[in-house]
Amino acid sequence: MGTLYTSAAFREYAQAQVAHADILLTKHAETALSLCRCGRLHPCDEHRHWLEMRTHFRQFLVDEQYSNEVQQPHPPNPTRSDPSTPHDLG
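Residues numbered from 1 in each chain as written. Predicted model: local features only at pLDDT ≥ 70, side-chain atom pairs only at ≥ 80, totals over all residues. Heavy atoms only, no water.

A short note on unusual backbone geometry
Here His42 and Pro43 are connected by a cis peptide whose omega angle stands at 0°. Within the secondary structure layout, Pro43 lies in the loop between α1 (8-27) and α2 (45-70). At Leu33, a residue that is not glycine, the phi angle is positive and equals roughly 60°. Its location among the elements puts Leu33 in the loop between α1 and α2. (Helix = DSSP H or I, 4+ residues; strand = E, 2+ residues; numbered from the N terminus.)

Brief notes about the pattern of salt bridges
Think of it this way: side chains of opposite charge can pair up when their charged atoms draw near. For the structure on display, the rule yields two salt bridges. Notably, a salt bridge pairs Arg54 with Asp22, separated by 2.9 Å at the nearest N-O pair. Placement of the pair is Arg54 in helix α2 and Asp22 in helix α1, with a sequence separation of 32 residues. Taking the relative accessible area as the measure of exposure, Arg54 reaches 22% and is therefore partly exposed. By relative accessible area, Asp22 is classed as partly exposed at 32%. The salt bridge partner of Asp45 is Arg48, with a shortest N-O separation of 3.3 Å. Here Arg48 and Asp45 lie together in helix α2, a separation of three residues that amounts to about one turn. (Salt bridge = Lys/Arg side-chain N within 4 Å of Asp/Glu carboxyl O. Buried < 20%, exposed > 50% of the residue type's maximum accessible area, 1.4 Å probe, protein only.)

Concerning the packing of aromatic side chains
Summed over the entire model, instances satisfying the criterion amount to four aromatic pairs. Between Phe10 and Phe60 the ring centres are 5.0 Å apart and the planes differ by 85°, which places this aromatic pair in the edge-to-face class. Separated by 50 residues along the polypeptide, Phe10 in helix α1 and Phe60 in helix α2 bring together distant segments of the chain. When the centroid spacing of 5.5 Å and the interplanar angle of 80° are considered together, the rings of Tyr13 and Phe57 count as edge-to-face. You can see Tyr13 sitting in helix α1 and its partner Phe57 sitting in helix α2, a full 44 residues away along the chain. Given a relative accessible area of 42%, Tyr13 falls into the partly exposed group. Given a relative accessible area of 7%, Phe57 falls into the buried group. (Phe/Tyr/Trp six-rings, centres within 6.5 Å; stacked < 30°, edge-to-face > 60°.)

Structure, rendered in structure tokens:
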């Protein structure tokens, strides 16, 4: 399994790569008649490449967000004296 880098520098790098990919995906967006803005059939090779790059680097940003959420404390379980839960379900 690969190593997940969590340093601040890598997060900044990943964010920059996602932003750069977004710019280039805009430049290679679909226009009329299934053509890319560059004149080739859509999706062109450039569009595919930058879509893969964005997906690759976004996973590191999502994993970081998920790991922060997992480490948050869970709310306590409701007790019998909690008025928001019914005492008899039958």
